[in-house]
Amino acid sequence: MEAATVVVTPSPAVITALPQHKVLELKPSFAPVAKPSPARKAKLAKKNLAAGCGGYVLEDVPHLTDYLPELKSYPNPLQDHPAYSVVKQYFVNAEDTVAKKIVVHKSSARGTHFRRAGPRQRVYFQPGEVSAAIVTCGGLCPGLNTVIRELVCGLHDMYGVASVVGVEGGYKGFYARNTVELTPRSVNDIHKRGGTVLGTSRGGQDTAKIVDSIQDRGINQVYIIGGDGTQKGAASIHEEVQRRGLKCAVVGVPKTIDNDIAVIDKSFGFDTAVEEAQRAINAAHVEAESAENGIGVVKLMGRNSGFIAMYATLASRDVDCCLIPESPFYLDGRGGLLEFAEKRLRDNGHMVIVVAEGAGQDLIAKSMNLADTHDASGNKLLLDVGLWLSQKIKEHFKKKPNLAITLKYIDPTYMIRAVPSNASDNVYCTLLAHSALHGAMAGYTGFTVAPVNGRHAYIPFYRITEKQNKVVITDRMWARVLCSTNQPCFLSHEDVERAGQDEEEPHLPLVEGENSLLIKSQVTWCNGNGHLCSGAA
């Protein structure tokens, strides 16, 4: 096998030979101490890479025994659960992994894998000792209440956990001491409602105060539901918990209606959002078709990623132009949006434009000479591209008295966010919640759970926060949109080349046969439970 170029931050990597099944751990192992040093804190966020026997690299997640090596394990109570008695194999094999990419070229290396989610034969919590907390942060999204319900009911019904509390008002609720007891009875019908019964907020990330509250309350499992900013906060909480040597599993459930979380197949609430977006597009189409030279403009969610707009456009087939943040566009001149609108009105007598909220922000700021501002979560505050675009279209056609238009602008953003999840998302939320609690009971921590190529996996926090998932405008899916709408591409050759370069990922180090990489750090081995331990084989 050819030597691979290795890029793993923050430590440089070199390639050498190493027997199979060894773990390439980028954070040194250590024993818990009473008073952790600052140096130890700096070591917590390192990456774990394990060499798989099939020529892949496992990006592993932390385990409580990494810093509590004397922790006891117990038989999983699921082995006596009547609902699982008919399942042929209800425990996940300790060495099962999920491939990040399943389509490879002939010359490609095997690639990165993640640890497969699911129940393990051994657990590190007894049901009576578990005190779990659930918190929701960030914006609303269909399915939040379903995840809360299934976490509570799953812990109770599968593992016999009786102590579960909800933290009200997002991260701030931890140190404001706002909690509510959650039982299967109290959450029984919440999945039929939109929003979150626990309330939410942006910001409020005071890690020390949050972990103080966790420690004071005796909480040993924390389930954090939120987007990439929330997951960054969860990573900080995990590091502080580990620094203090607490037996507490910190688990993330990724949430973003925009579907912009990297690595995972999709985020919950996305299917519901696309389905609800259809209603707005249908209404805009009816309005446009019913008027002479009618134009319907629909603004959908998509701050940095245009997935909702793209999928809603493909599903609708009534859209004449789809504008997303990843694909720049321009209004005036040959090949511009306004010229295309004129042509479409002359040909069809009406048109529908779908625009993601993050599209055209540079054009708006330039035309209005405005500076950037940000919200409490650090997100850039967006200008209303729907209103701006509608106004520009009206101004353009005022100059053409022979082509008078009727324009209707629809913004269903907050209506979509507030609806309950549909059947597909309800099932998905259930699987997410169950995978999360199985991981926590098995002692894994510092991870988020989501499907990768159709299989649920435990993914390190850094993997979903290092970059955002975006529409690849050089991919066939975006080409399908352009074929469906017959809109101009708006892109120059340089734009396309730049987009292709942005999507190229550096290859992670791989293992093939006896040839492997060695990171300059302590080498550890996989033990029988499928997580890391120190010592010789």
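Reading guide: rules and limits
Residues numbered from 1 in each chain as written. Predicted model: local features only at pLDDT ≥ 70, side-chain atom pairs only at ≥ 80, totals over all residues. Heavy atoms only, no water. Helix = DSSP H or I, 4+ residues; strand = E, 2+ residues; numbered from the N terminus. Buried < 20%, exposed > 50% of the residue type's maximum accessible area, 1.4 Å probe, protein only. Contact = heavy atoms within 4.5 Å. Phe/Tyr/Trp six-rings, centres within 6.5 Å; stacked < 30°, edge-to-face > 60°. Lys NZ or Arg CZ within 6 Å of the ring centre and 35° of its normal. Pairing = 2+ DSSP bridges. Axes fitted to C-alpha atoms, helices over the stretch in contact; angles between N-to-C directions. pLDDT = per-residue confidence, 0-100. Expected span 1.5 Å × (residues − 1).

Peer 1: What is the right way to look at unusual backbone geometry in this model?
Peer 2: Backbone phi values are negative for most residues with the exception of glycine, while trans is the configuration of most peptide bonds. In the Ramachandran plot, N453 falls in the positive-phi region, its phi being about 55 degrees despite a non-glycine side chain. Its place among the elements puts N453 in the loop between strand 18 (447–452) and strand 19 (455–460). Taking relative accessible area as the criterion, N453 reaches 33% and is therefore assigned partly exposed. The backbone phi angle of N486 is positive, close to 60 degrees, even though this residue is not glycine. As for its placement among the helices and strands, N486 is situated in the loop between helix 14 (476–485) and helix 15 (493–503).

Peer 1: What am I meant to see in the environment of F91 here?
Peer 2: Counting through the fold element by element, F91 comes out in the loop between strand 5 (74–75) and strand 6 (97–99). Residues in contact with F91, not counting those within four places in the same chain, are N76, L78, Q79, P119, R120 and Q121.

Peer 1: Explain the packing of aromatic side chains to me, please; I cannot follow it from the model alone.
Peer 2: Here the distance between the centres and the angle between the planes together describe a pair of aromatic rings. Under the defined criterion, the tally for this structure stands at 6 aromatic pairs. Ring centres 5.4 Å apart and planes at 90 degrees place the aromatic pair F270 and Y311 in the edge-to-face group. One end of the pair, F270, is in helix 6 (residues 270–290); the other, Y311, is in helix 7 (residues 307–316), and 41 residues separate them in sequence. Classification of Y311 by relative accessible area gives partly exposed; the value is 32%. Ring centres of Y330 and F490 lie 6.0 Å apart, and the angle between their planes is 80 degrees; this geometry places the pair in the edge-to-face category. Of the two residues, Y330 sits in the loop between strand 15 (321–323) and helix 8 (337–348) while F490 sits in the loop between helix 14 and helix 15, which places them 160 residues apart along the sequence. Here the basic side chain of K209 rests over the ring of Y175, its NZ or CZ set 5.2 Å away from the ring centre.

Peer 1: Help me understand the sheet that holds strand 17 (residues 406–410) in this model?
Peer 2: Sheet strands pair by backbone hydrogen bonding; their relative direction is either parallel or antiparallel. If you walk across this open sheet you meet the 4 strands as 15-16-14-17, and the pairing is parallel. Single-partner strands in this sheet number two, and they are strand 15 and strand 17. On average, adjacent strands in this sheet sit at an angle of 15 degrees to one another, irrespective of strand direction. Contacting strand 14 (294–300), strand 15 and strand 16 (350–356), helix 8 crosses the sheet at an angle of about 145 degrees to strand 16.

Peer 1: Teacher, can you tell me more about the confidence of the model for the chain here?
Peer 2: Detail in the predicted coordinates should be disregarded across regions flagged by low pLDDT. Scored by pLDDT, the chain has a mean of 83; 79% of the residues are at 70 or more. Predicted confidence is poor over residues 1–44, with pLDDT under 50, and the contacts of this stretch with residues over four places away or in other chains come to 108 contacts. Note on residues 506–537: pLDDT is under 50 here. Beyond four places in sequence and across chains, it has 106 contacts.

Peer 1: Would you explain the side chain of N259 in this entry?
Peer 2: By the element assignment, N259 lies in the loop between strand 13 (249–254) and helix 6. You can call N259 buried: its relative accessible area is 5%. Apart from the residues within four sequence positions on either side, N259 is in contact with D265, K266, S267, F270, F307 and N469.

Peer 1: In this structure, what is going on with helix 6? I would like to understand it.
Peer 2: Quick reminder: α-helices carry 3.6 residues per turn. Residues three or four places apart thus point the same way. For helix 6, which comprises 21 residues, the first-to-last C-alpha distance of 30 Å matches the rise-based estimate of 30 Å (1.5 Å per residue) to within 8%. Turning to helix 6, its buried residues are F270, T272, A273, V274, E276, A277, Q278, A280, I281, A284, H285 and A288. Packed against the buried residues of helix 6 are strand 14, helix 7, strand 16, strand 17, helix 11 (413–417) and helix 12 (423–441).

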